[in-house]
Amino acid sequence: MDEHDTLATLADDDPTLVFLKVEEAARRLRIGRTTCFALIRAGELESVMVGGLRRVPVDAPAAYATRLRTAQRAA
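Trainee: Any details on the pattern of salt bridges? Residues and values, ideally.
Mentor: Going through the model one piece at a time under the given rule, you end up with one salt bridge. For Arg33, the salt bridge identified is with Glu23, shortest N-O distance 2.8 Å. Placement of Arg33 in helix α3 (residues 33-41) and of Glu23 in helix α2 (residues 22-29) is noted, with a sequence separation of 10 residues between them. Residue classification places Arg33 among the partly exposed residues on the basis of a relative accessible area of 47%.

Trainee: Which residues make up the sheet that holds strand β1 (residues 19-21), and what are the values?
Mentor: With antiparallel pairing, the three strands of this open sheet are ordered in space as β1-β3-β2. Only two strands of the sheet have a single neighbouring strand rather than two, namely β1 and β2 (48-50). Taking each pair of neighbouring strands and ignoring which way they run, the sheet shows an average axis angle of 55 degrees. As defined by bridge partners, β1 adjoins strand β3 (residues 53-57) across three bridges and the pair is classed as antiparallel. In the strand pairing of β3, Phe19 is matched with Pro57. This element, α2, spans β1 and β3 of the sheet and lies at about 90 degrees to β1.

Rules of the game
Residues numbered from 1 in each chain as written. Predicted model: local features only at pLDDT ≥ 70, side-chain atom pairs only at ≥ 80, totals over all residues. Heavy atoms only, no water. Salt bridge = Lys/Arg side-chain N within 4 Å of Asp/Glu carboxyl O. Helix = DSSP H or I, 4+ residues; strand = E, 2+ residues; numbered from the N terminus. Buried < 20%, exposed > 50% of the residue type's maximum accessible area, 1.4 Å probe, protein only. Pairing = 2+ DSSP bridges. Axes fitted to C-alpha atoms, helices over the stretch in contact; angles between N-to-C directions. Contact = heavy atoms within 4.5 Å.

Here it is as structure tokens:
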């Protein structure tokens with residue numbers, strides 16, 4: 001594990017976080033950064049602008065996964 005992976009793991013485990021970087025949200029969903037941005041553009045994954053930075057609320061990846069599961073069960 002390199003320094004980047006160690007820092008990423010610490011960020012993922014920090015209970016004080018309110019927002020995630022898009023890359024962190026993508027990692028939680030096990031998808032790529034480009035796919036994550038596509039979900040944001042489509043309005044499927046919640047995000048906000050903080051200054052000039054795109055951020056994803058910490059609970060948004062789980063909410064997205066829950067909506068996917070509910071939709072697939074209903075189909």
